[in-house]
Amino acid sequence: MKEKLISILRAKRLNPPSSFEIRLALRGLLNKEKMAVLLMTLIFFISILGLWTELQKRFALNIPAEGGTLREGIVGTPYLVNPVLASTDADRDLAALIYSGLMKPDGRGGLEKNLAENYSISENGLIYTFQLKENLFWHDGEPVTADDVVFTINAAKNPAIKSPIRANWEGVEIETPDPRTVKFSLKKPYAPFLENTTLGILPKHVWKNAAPEQFSLSEFNRQPVGSGPYQVKKNKRSSAGIITAYELKSFGDYALGKPLIPKMEILFYNSESEMLSAYEIGNIDSIGTISTLGVAKIKQSRSSVKTLILPRIFGVFFNQNKSEIIRDQKVRLALDMALNKENLVGEILNGYGIFLNGPLPPGIIDQTNISAFNLDEAKNILEKSGWKYNEEKGVREKSAKGKTSIELAFSISTANTPELVKTADAVKNMWQAIGAKVEVRLYEIGDLNQSVIRPRDYESLLFGQVVGRDPDPFAFWHSSQRNDPGLNIALYANKTVDGILESARTLNDVGARKNKYIEFEKEVIKDTPAIFLYSPYYLYVLPQKLLGFNTETATVPAERFANVSKWHLYTARVWKIFVN
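Residues numbered from 1 in each chain as written. Predicted model: local features only at pLDDT ≥ 70, side-chain atom pairs only at ≥ 80, totals over all residues. Heavy atoms only, no water.

1. Re the layout of surface pockets
Here is the rule: Definitions used throughout: a 1 Å grid over protein atoms alone; a cavity as a set of points that fits a 1.4 Å probe which cannot get out; a pocket as an open set with protein on both sides within 12 Å along at least five of seven lines; a lining residue as one with an atom within 4 Å of a point. Grid points are joined across faces, edges and corners, and a volume is the space filled by probe spheres set on the points. The way it works is that DSSP assigns letters per residue, a run of H or I at least four long becomes a helix, a run of E at least two long becomes a strand, and they are numbered from the N terminus. Residues were grouped as follows: Ala, Val, Leu, Ile, Met, Phe, Trp, Tyr, Cys and Pro as nonpolar; Asp, Glu, Lys and Arg as charged; and all remaining residues, including Gly, as polar.
The calculated volume of the second largest pocket comes to roughly 700 Å³. Looking at which element gives the most residues to the lining of the second largest pocket, the answer is helix H16 (residues 510–527), with four residues. Grouping the amino acids of the lining of the second largest pocket by side-chain chemistry returns 16 nonpolar, seven polar and seven charged.

2. Quick look at the pattern of salt bridges
What counts, and what does not: What makes a salt bridge here is a side-chain nitrogen of Lys or Arg within 4 Å of a carboxyl oxygen of Asp or Glu, nothing more. When accessible area is computed with a 1.4 Å probe and restricted to protein chains, residues below 20% of their type maximum are described as buried, those above 50% as exposed, and intermediate ones as partly exposed.
Taken as a whole and judged by the stated rule, the model has 29 salt bridges. In this structure, Glu-175 engages Lys-183 in a salt bridge whose closest nitrogen and oxygen atoms are separated by 3.9 Å. A residue is classified by how much of its surface remains accessible, and Glu-175, at 39% relative accessible area, is partly exposed. The partner of Lys-526 in a salt bridge is Glu-523, and the shortest N-O contact between them spans 3.0 Å. Here Glu-523 and Lys-526 lie together in helix H16, a separation of three residues that amounts to about one turn. Because the salt bridges share partners, they merge into one network encompassing Lys-233, Lys-234, Glu-247, Lys-263 and Glu-265.

3. Focus on the packing of helix H10 (residues 341–348) against helix H12 (residues 418–432)
Filter applied, for reference: Axis definition: a line fit to C-alpha positions, over the contact stretch in the case of helices; interaxial angles, taken between N-to-C directions, run 0 to 180 degrees. When the near helix sits turned anticlockwise from the far one by under a right angle, the crossing is termed left-handed; a clockwise turn instead gives a right-handed crossing. Note on contacts: a residue pair is in contact if any heavy atoms of the two residues lie within 4.5 Å.
Interaxial distance between H10 and H12 falls to 11 Å at its minimum, and their mutual angle equals 145°. Of the two possible hands of crossing, H10 and H12 adopt the one that is right-handed. Contacts between H10 and H12 pair Asn-343, Leu-344, Glu-347 and Ile-348 from the former with Glu-419, Lys-422, Thr-423, Ala-426, Val-427 and Met-430 from the latter. Residue composition of the contact of H10 with H12, grouped by class: five nonpolar, two polar and three charged.

4. What about helix H5 (residues 146–157)?
Put simply, the rule reads: To estimate how far a helix should extend, the number of its residues minus one is multiplied by 1.5 Å.
With twelve residues, H5 should cover 16 Å at 1.5 Å per step; its first-to-last C-alpha distance of 17 Å lies within 8% of that length. By the criterion of burial, H5 is predominantly enclosed, with nine of the twelve residues buried. Residues Ala-146, Asp-148, Val-149, Val-150, Phe-151, Thr-152, Ile-153, Ala-155 and Ala-156 constitute the buried set of H5.

5. Structural notes on the packing of aromatic side chains
We count it as follows: Geometry of aromatic contacts follows a simple scheme: Phe, Tyr and Trp rings, the Trp one being its six-membered ring, pair when their centres are within 6.5 Å, and the pair is stacked under 30 degrees between planes, edge-to-face over 60, tilted otherwise.
Under the criterion given, the structure shown has 20 aromatic pairs. Where Trp-169 meets Phe-193, the ring centres are 5.7 Å apart and the plane angle is 85°; that geometry is what we call edge-to-face. With Trp-169 in the loop between H5 and strand E7 (173–178) and Phe-193 in the loop between strand E8 (181–185) and helix H6 (204–207), the pair connects residues that are 24 residues apart, well separated along the chain. Seen in terms of ring centroids, Phe-184 and Phe-193 are 5.6 Å apart; in terms of plane orientation they differ by 65°. Their pairing is edge-to-face. Given a relative accessible area of 1%, Phe-193 falls into the buried group.

6. Topic: the pairing of E7
Working note: regular strand, side chains alternate between the two faces of the sheet. To keep it simple, the criterion reads: Only when DSSP finds a minimum of two bridges between them are two strands counted as paired.
Two elements, E7 and E8, share four bridges in a ladder whose sense is antiparallel. Considered in E8, the bridge of Ile-174 is made with Phe-184. Here E7 folds back onto E8, and the loop between the two strands holds two residues.

7. Side note on the sheet that holds strand E6 (residues 127–132)
Pairing within the open sheet is antiparallel, and its four strands lie in the order E5-E6-E8-E7. Every other strand in the sheet has two partners, leaving strand E5 (116–121) and E7 as the edge strands with one partner each. Averaged over all adjacent pairs, the angle separating strand axes in this sheet is 20°, with direction ignored. Two strands pair when backbone bridges link them, and E5 and E6 are joined in this way by five bridges, in the antiparallel orientation. From the neighbouring strand, Asn-118 faces E6, where its bridge partner is Gln-131. On the sheet, H5 packs against E6, E7 and E8 and is oriented at approximately 170° with respect to E7.

8. Regarding the side chain of Glu-247
Among the secondary structure elements, Glu-247 is positioned in strand E10 (residues 243–250). You can call Glu-247 buried: its relative accessible area is 8%. Among residues more than four places away in sequence, those in contact with Glu-247 are Gln-231, Val-232, Lys-233, Lys-234, Lys-263, Met-264 and Glu-265.

9. Observations regarding the environment of Pro-192
Tracing the sequence through the fold places Pro-192 in the loop between E8 and H6. Each C-alpha atom, one on Pro-192 and one on Leu-507, is 9.2 Å from the other, the two residues being 315 residues apart in sequence. Beyond its immediate chain neighbours, meaning those up to four positions away, Pro-192 contacts Asp-470, Asp-472 and Arg-505.

What follows is the structure, encoded as structure tokens:
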């Protein structure tokens, strides 16, 4: 039988065997031989599969793929989705998705070109010239031109419009030599000016008929038309007409390429607890801005918590005009040494932050991580300065001219928010440990700003400052800014510091400016006009399956969307030869 089979196969060796011939051949084999053939066939296919897998590893890549929907929850209600008018996080978040500027944050502490193809800065630092990219379009299909940039800046400068960013553009002149060129002229050098050009640009053809006095009332603040990565598809409103959600779709003509996530839904909630409840039942996938207390309540199994560095500092700022006690530099120094700032970060921020010794946030200059906490030394400084502990009263006292004695007592004013209340109580307890009597005064944020901060009616103020990507501490520490609307809430006056700050803001060289900031920080730490506590991280909850998020720093929470066009929920396996 075997010989017959062989002769048949030889006779037809030039042609592949038919199915009948294969069955005939297999029928003629012994069971052991059949098993051998099956085994060899299995080995053959496994080898092919292994070879294919190895080729995939060597010559194929996982690349981002388009698809999916991201639903994000935000606390607050949008009203002015307009980069010129936006004043709340909800407004700024949507403006960041819908509008684009000449420049944009790169997510790593710097800036990159957006609508701008290139730019140049004159040697004297007074002229900034931008060239727009070709083929830029608004969401409604109209072309973006230099006239739109001029219209936007003039709107920001117009006092009748009451833009919160008006001060950024005072003294800046703008002209357009041609439809793609914009030239800004400054009266004096201002190194951080480039930061201003991240402002989202408004479409002139949409807004040109809006009277300045009616600008904030326009429906285009709720139905915005921009040139950013996402455009409005529709919004949802409650029965009272309040916007509860925006549905956005990716914009194919975005200057930096069409986003990979085709659809985003932004849902708005009245409180963090309400937003967390929506997250728990699966109504949202991500949470924009969450407290350290809220993070502890989310399910880590389906989420990834991103920690971003924000240029924010929190501290206790002293008003020496209101308290004779605080006017004593030795007292301020002792109060600083009595604070265990590492514990504050651990207990108040649950570890989501960095403790500070100076007025600049992390990342601006090389910071020292050495804590100045020394309770015994703090007590010793007070003892040597004549502050004796009264066991009966539980407070330190000091003899004063014309008085029997004065107590080491003062108040801390702050906002009635959970983290600041906890911080104020912790600071109070630490200062009581060295014999200080401290009263905590709580205010709603509106009352704090209007009735306490603006008239400078406080002995000490527990508060935060947003310094900025390029810090320019001028507004917070120059003596000219001591009174409202200036932001020098420590009422600090130091001629040396004034000179340093005036010089630093004119230097375009980053290294030279950094050296000035180092000088500035050393001088402020020496004078102790405030006690700097911590810089909290910005916390952002995203689904674990979301990829492409590479933002590390942000000036405001809205900058978490700095690279949103590169986010993706899916990937595809593609051979390297097909990838540009």
